[in-house]
Every structure is written in structure tokens, then in C-alpha cells.
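# Structural overview for review
This is what each chain is made of:
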Amino acid sequence: MSYKILSINPGSTSTKVALYENETLVFSENIEHTAEELSPYEEVLDQLEFRSEAIQAILKKHGVVLSDLAAVVGRGGLLPNLHAGGYLVNPHMKEALLGGQASPHASNLGALLAYEIAEPLGIPSYIYDAVMADEFEEIAKITGLPDVQRQSMCHVLNMKAMSRKVAEKHGKRYEDMTLLVAHLGGGISIGIHKGGKIIDAIRDDAGPFSPERSGSIPLLYIVDMCYSGIYNRKEMIKRIRGMGGLKAHLGTADCRRIEKMIESGDERAKLLYEAQAYQVAKGIGELAPVVSGKVDYIILTGGVAYSKMMTDMIKERVEFIAPVEIMPGEDEMEALALGALRILRGEETAQEY
């Protein structure tokens, strides 16, 4: 049976839209939103109608017959208490997102945009492998403060998609493998996958610094900054996520530009780039003991994994643990569509929020 599935992935300054017919990509578009276009909206959720209209324009451009769609699937947002896999977008989820139960993030629009298109058509809308999908073992949740519990927050969608591809490549099932996956993007997160679950992970504010994130910094330094009177809460969050990492040091988060700086003899850029690779390797090493070092493969994925310079530096430090697979890019649109397809085919069951 043929299923046409629309995938939607909202980012901070873009909305990706793709149409799949079963496993086959029909078209994919990345709608860029300028700062001027987004400036009238104080909060990201205020952009719902604007982004919905942009998606409708793309569907019209490609001559998509809406009644032919079998389902719409959106990027899962930062809602707490989710498991991995698919969820039906229902009024409870919509109410939770609009009511502020999710931390502010563009991905929160995914479920709302999917529902906006699917509901009038009488077809299901889903989210799949949301950012906050939590499969941690109990021991991984404990911290040194009784009132603070570690929560999973990593690049679940792309990590699991690439893990399935590596498993297929080696003729195995994802659920039967133990994998260490580092997603290298604007933010960097690292997860240990065992039995088809991410049983522990280092989130983008608790490990390596990245092109745009500060990464882990000794807590007392952060406490001093918070009480210095120089920064308010919003400014501190921006320094940690968005204006930290390589961008803070070098004025750019574009790794291609940084590599050109290195090639032209910039020793400071070289040291900082090596430091990022060094910290990624440390993060990978930090998670290996979770499974007593018994790792089948280490996977380096995300946009920065296109950089041979970066992956070579990481590989050199970690390949003693396990063979390294380089899987650059983010197959998130395909991962969303294939997740919805498994639900439509009855291979998986959508969960209810």
C-alpha cells in the first residue's frame, strides 16, 4: 500500500518540509526565515500561523493534493515525560505545548504545525523521537543534589536514524547492538545506545563545547556570572546556547570558515578547533564505561561530521574503544517520515500523550 507522508522540521530560522511516498522522497524544501520576518513575533509559538502559511505555499508550489496525504509528522519538541518512538498529536499535547509546559524551542512548533495541516483532513499527525524522549536507566538520572534529576535531552531523532543505518549496513538489528553516537552540530550531544534505547547521554550544555554552545563549565564560575549583576537570565542562557563555543572565541560558528582560518596559519583557531575535538573524544570516553567498554561502533554524525579535519582528530583519540563510522549530516526528514510509515504499516504503535 502507498502512503504519502509530509514531514515538518522547524528550526530557529528555517522550516524544512519534505514529502515522502513510502520510503521514496518526492521533494524537500528548506524555507529560510529572515530576522526581519521573525522580528514581529516575541515568542517562537507566536510564529505558528506565519510558518503554517509558508508551508501551505510550498505545498501549492509542488502541486500537492492534500487529500492524498496519509499522515503529517513533525519534529518532536521539548515536552517532558516522553518516551522514544511515535506519539499521536492530540488536544492534550497541543494544550501542553501552548500552555508553556515545554521549554522554549523552535521544535515545539513541529507538533502544532503537523496538527494544523492534518486535523482538517481527518488524518493523523505525529511526532517521532522527540528531543526530550527519555530512556535513561534509573542510575543515570541521579545527581549530587536530591532535588535535581538528570533528564535525557539529545539529538534523539538523528542519533537513532543513523544507528539504524549502521546496523543495517552490518546486517544487524539496531536493538541488538551497542553504539556510542556523537551528534556534531551547532550543539553537540553524545548518547550510548543499548538494546534499542539511549540509556545515558551527555546533553549539549553538559559536555563538549560546540560551534554555538559553551558546553560544560565548572559550576562555580557560572554561579559567579549569574550573580555578577552583569547578565540577566535570558542573557546567560544565550551565552550558554547560541553565543558560546567557537562563535564566542572566533566570532563565527561556521566550521568551513574556521578551517580556512587554520589553513591560512591562524594558530588560535587551530588550537580551539583541536580543543573541540578533544572534548568530544573525552565525552565519548566518559560514556564508554556505562557498558563496560563493550561498544560495537562509535558513530560520528551531524553537520560538522562532514569535516574530515574534525572527524580525523576525534577518531585518532577514540578508535581504541571501537571502530568509528562517519555518518555526516542529519537525515531528520527521512527519519520522521520512516517513523510515521512504521506506525501506518502497523509495525509500531503510536503512543498517546
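Heads up: the structure comes first, above all this text.
Everything in this summary refers to the structure shown in the same document. The model shown is predicted, which means the values in this text are computed figures rather than measured ones.

Reading the values: rules and limits
- Residues numbered from 1 in each chain as written.
- Predicted model: local features only at pLDDT ≥ 70, side-chain atom pairs only at ≥ 80, totals over all residues.
- Heavy atoms only, no water.
- Helix = DSSP H or I, 4+ residues; strand = E, 2+ residues; numbered from the N terminus.
- Rg over C-alpha atoms; globule rule 2.2 N^0.38 Å.
- Buried < 20%, exposed > 50% of the residue type's maximum accessible area, 1.4 Å probe, protein only.
- Contact = heavy atoms within 4.5 Å.
- Areas by Shrake-Rupley, 256 points an atom, 1.4 Å probe, with all protein chains shown as cover.
- Lys, Arg positive; Asp, Glu negative; His and termini not counted.
- Charge placed at Lys NZ, Arg CZ, Asp CG, Glu CD.
- Core = buried A, V, L, I, M, F, W, Y, C linked by side-chain atoms within 4.5 Å.
- Pairing = 2+ DSSP bridges.
- Axes fitted to C-alpha atoms, helices over the stretch in contact; angles between N-to-C directions.
- Phe/Tyr/Trp six-rings, centres within 6.5 Å; stacked < 30°, edge-to-face > 60°.
- Parallel < 35°, antiparallel > 145°, perpendicular 65-115°, else oblique.
- Left-handed = near helix turned anticlockwise from the far one by under 90°.

### Things to note about the overall build of the chain
Of regular secondary structure, the chain possesses 12 helices and 12 strands. A globule of 353 residues ought to have a C-alpha radius of gyration of about 20 Å, and the chain, at 20 Å, matches this closely. The dimensions of the chain, computed from C-alpha atoms along their principal axes, are 55 × 50 × 50 Å. Across the 353 residues of the chain, 51% fall into the buried class. The contacts of the chain with a sequence gap of at least 6 include a subset with a gap of at least 24, amounting to 68%. When the accessible area of the chain is evaluated, it comes to approximately 17300 Å², of which 51% is carbon and sulfur surface. Within the chain, the 49 negative side-chain charges are centred at a point lying 3 Å from the centre of the 37 positive side-chain charges.

### Examining the nonpolar core
One recurring pattern in soluble globular proteins is that nonpolar side chains are buried together. Membership of the largest hydrophobic core comes to 37 residues, with the highest contact counts inside it found for Leu-6, Val-72, Met-93 and Ile-127. Those elements that provide at least two residues to this core are strand E1 (4-10), strand E2 (14-21), strand E3 (24-32), helix H2 (48-61), strand E4 (69-75), helix H3 (91-98) and helix H4 (109-118). If near-sequence neighbours (up to four positions away) are discounted, Val-72 is found in contact with Leu-6, Ile-8, Ala-114, Ile-117, Ala-118, Ile-123, Pro-124, Ser-125 and Tyr-126. In terms of nonpolar packing, the next biggest core, distinct from the first, is built from 35 residues, Leu-246, Ile-258, Leu-272 and Val-324 among them.

### Regarding the sheet that holds E4
Read from one edge of the open sheet, 7 strands run E3-E2-E1-E4-E6-E5-E12, paired in mixed fashion. Across the chains shown, the open sheet's two edge strands, defined by having one partner strand only, are E3 and strand E12 (351-352). Here strand E5 (residues 86-88) pairs with E12 via 2 bridges, running parallel. Bridge pairing links Leu-88 to Glu-352 in E12.

### Thoughts on the sheet that holds strand E7 (residues 178-184)
Spatially, the 5 strands line up as an open sheet ordered E9-E8-E7-E10-E11, and their pairing is mixed. Each edge of the open sheet is held by one strand with a lone partner, namely strand E9 (197-202) and strand E11 (324-328). For this sheet the average axis-to-axis angle between neighbouring strands, irrespective of direction, equals 20°. Pairing geometry for E7 and strand E10 (residues 297-302), over 5 bridges, is parallel. By the bridge assignment for E10, Leu-180 is matched with Ile-298.

### Side note on the packing of aromatic side chains
Throughout the structure, instances matching the rule amount to 1 aromatic pair. Each ring, one from Tyr-41 and one from Phe-50, has its centre 5.6 Å from the other, and the planes form 35°; the classification is tilted.

### Focus: the packing of helix H10 (residues 267-287) against helix H11 (residues 308-318)
Each pair of packed helices can be described by the angle between their axes along with the distance between the axes. One can describe the packing of H10 onto H11 by two numbers: an axis separation of 9 Å at closest approach and a directional angle of 40°. Between H10 and H11, the interaxial angle falls into the category oblique. Regarding H10 and H11, the two cross each other, and that crossing is right-handed. Contact residues: H10 offers Tyr-273, Glu-274, Gln-276, Ala-277, Tyr-278, Val-280, Ala-281 and Ile-284, while H11 offers Met-309, Met-310, Met-313, Ile-314, Arg-317 and Val-318.

### What to know about the pairing of E1
Burial runs high along E1: 6 of the 7 residues are buried. For E1 and E2, the ladder comprises 7 bridges, and the chain directions are antiparallel. The residue bridging Asn-9 from the neighbouring strand is Lys-16, located in E2. Between E1 and E2, which pair antiparallel one after the other, the connecting turn spans 3 residues.

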